[in-house]
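Single-letter residue listing:
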Amino acid sequence: MRKVRPSGWIFPFELEDTMSKMTIVLIKRAAKFSPNNVENDKMILEEVDYGLTSKGFDVKVITEDEVDTVPAAQVYVSMGRSVEALTYLSRRQTESGCVVINSPNGVSLCCRRTAQMRLLEEHGIAVAPHEGAHGYWIKRGDGPTIVEEDVAYAADKDKVIALENAMRQRGVKDIDVRAHVMGDLVKFYGVNGTAFFRYYYPTEDGRTKFNHELVNGMPKHIPFDVSAFKQTVTHAASLLGVDIYGGDAVVQSDGTVFIIDFNDWPSFSRCRGEAAQAIVQLVEQRI
């Protein structure tokens, strides 16, 4: 059955028999892992579905709660974040040598912020420091953000302590505290192994998940080395083991860039069509 062309699709072809009928399983992210972003996450996967089907692949779409109920496949392209889904995909990868994008180990690392930031620091990548003079961010460090309270801004150390206690009372076992970095907030998106890389100033278009972006205010468009920034972000993605990624960075007044968040497979809501093409290209390369 032919897939419906998603709105905004810009592939320069319709149907091509460039590949045999290899089965690819696309795995949808559970709604609880997409706070305020369910529809956008759904739309990027639909675009990838259309692109892969147009290339001649046999594409099956499931939710991450269904991973152990479908026939084994040669390729999995997953937005899943649950422990169960990542465990299943890791086992398939190890035992059968199937292709899994993103790597389950990489997704797990991206979901554990404390470990993620530590790894980037150890490899010399500039991330938000632990101490500063402009407030602090308190973020859940033992799993993905699920509710708004998993990320909070504190103006001083007393508020930090209060927010940490509130998180612990909710059962959060690991909390990452970082200083707020002043400067232009930038959202970046990339797909390793392709030419696709984009960055945007989120406060200019008003697209925000929990309004946390507003703390940095409107951007001043401080000049910075975009080429060096792309190299740093690409390196970070390789260290973390994810090919489809996004995140947040801050450009300080002197042009220095700090990574403050790194995520596995964002919604690409600002550049969905281009990102979907790159993801399809990545899948073809990997198989």
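In case you missed it, the structure is sitting above this.
Residues numbered from 1 in each chain as written. Predicted model: local features only at pLDDT ≥ 70, side-chain atom pairs only at ≥ 80, totals over all residues. Heavy atoms only, no water.

Participant: Looking at this structure, how should I read helix 1 (residues 38-54)?
Facilitator: Given 3.6 residues per turn, any residue in an α-helix points the same way as the ones three and four places further on. The end-to-end C-alpha distance of helix 1 is 25 Å, a good match for the 24 Å that 17 residues give at a rise of 1.5 Å each. Residues Asp 41, Ile 44, Leu 45, Glu 47, Val 48, Asp 49, Tyr 50, Gly 51, Leu 52, Thr 53 and Ser 54 constitute the buried set of helix 1. In this structure, the buried residues of helix 1 make contact with strand 1 (23-28), strand 2 (58-63) and helix 8 (272-286). Looking at the residues trailing helix 1, positive phi occurs at Gly 56, about 100°. (Helix = DSSP H or I, 4+ residues; strand = E, 2+ residues; numbered from the N terminus. Expected span 1.5 Å × (residues − 1). Buried < 20%, exposed > 50% of the residue type's maximum accessible area, 1.4 Å probe, protein only. Contact = heavy atoms within 4.5 Å.)

Participant: Can you walk me through the pattern of salt bridges in this structure?
Facilitator: Oppositely charged side chains are able to pair whenever their charged atoms sit close together. Scanning the model with the defined rule gives 19 salt bridges in all. When the shortest N-O distance is used, the salt bridge between Lys 42 and Glu 46 registers 4.0 Å. Highlighted residues: Lys 42 and Glu 46, both in helix 1, separated by four residues, approximately one helical turn. What makes Lys 42 partly exposed here is its relative accessible area of 41%. In this structure, Arg 178 engages Glu 121 in a salt bridge whose closest nitrogen and oxygen atoms are separated by 3.0 Å. Here Glu 121 lies in helix 4 (residues 113-122) and Arg 178 lies in strand 7 (residues 175-179), a separation of 57 residues in the sequence. With relative accessibility at 2%, the residue Arg 178 sits in the buried group. (Salt bridge = Lys/Arg side-chain N within 4 Å of Asp/Glu carboxyl O.)

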